[in-house]
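Spelled out, the chains give:
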Amino acid sequence: MRRWYLFAPLAGLTAFAAYLGLRAADVPSETEIINRYAAAYMSIAPDGADPTDCAAVPHPDEAIRMVISCAHDSGLTTTYFVGPRGEALPEPEGYSA
């Protein structure tokens, strides 16, 4: 049996692990994050909602990348706290809009 048969699975696993590592380091842009949360807002907002109802501001805490607030004309306000990699975070204690 040839030796490369023994190393081919190892080479395949190494390449796959490298691919996963590169994907894990891929951080979404601010635009991608805002669009994702605007779409989430649109799924719960009443009629007449628009993705432009949402605006984002940076947060001074390094653990929170940005705060996205979506306000509808009916008075519905939805606030999303976003982590460094675009993940949703719970509202911080003592936060006031």
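These numbers come from a predicted model, not from an experiment. (Residues numbered from 1 in each chain as written. Predicted model: local features only at pLDDT ≥ 70, side-chain atom pairs only at ≥ 80, totals over all residues. Heavy atoms only, no water.)

A. Here's a closer look at the pairing of strand β2 (residues 66-71). Relative to β2, strand β1 (residues 54-58) is paired through five bridges, and the arrangement is antiparallel. Looking at β2, one finds that Cys54 is bridged to Cys70. Sheet topology note: the β2/strand β3 (residues 77-82) ladder contains six bridges and is antiparallel. Bridged to Met66 within β3 is Val82. The turn joining β2 and β3, which pair antiparallel and follow one another in sequence, is formed by five residues; a positive phi near 105° is taken by Gly75. (Pairing = 2+ DSSP bridges. Helix = DSSP H or I, 4+ residues; strand = E, 2+ residues; numbered from the N terminus.)

B. Here's a closer look at a nonpolar patch on the surface. Taken together, the side chains of Leu6, Phe7 and Leu10 make up a nonpolar region of the molecular surface, amounting to roughly 340 Å² of accessible area. Residue position: Leu6 is located in helix α1 (residues 4-24). (Patch = residues over 30% accessible without salt bridge, like charges linked within 9 Å, V, L, I, M, F, W, Y side chains within 5 Å. Areas by Shrake-Rupley, 256 points an atom, 1.4 Å probe, with all protein chains shown as cover. Salt bridge = Lys/Arg side-chain N within 4 Å of Asp/Glu carboxyl O.)

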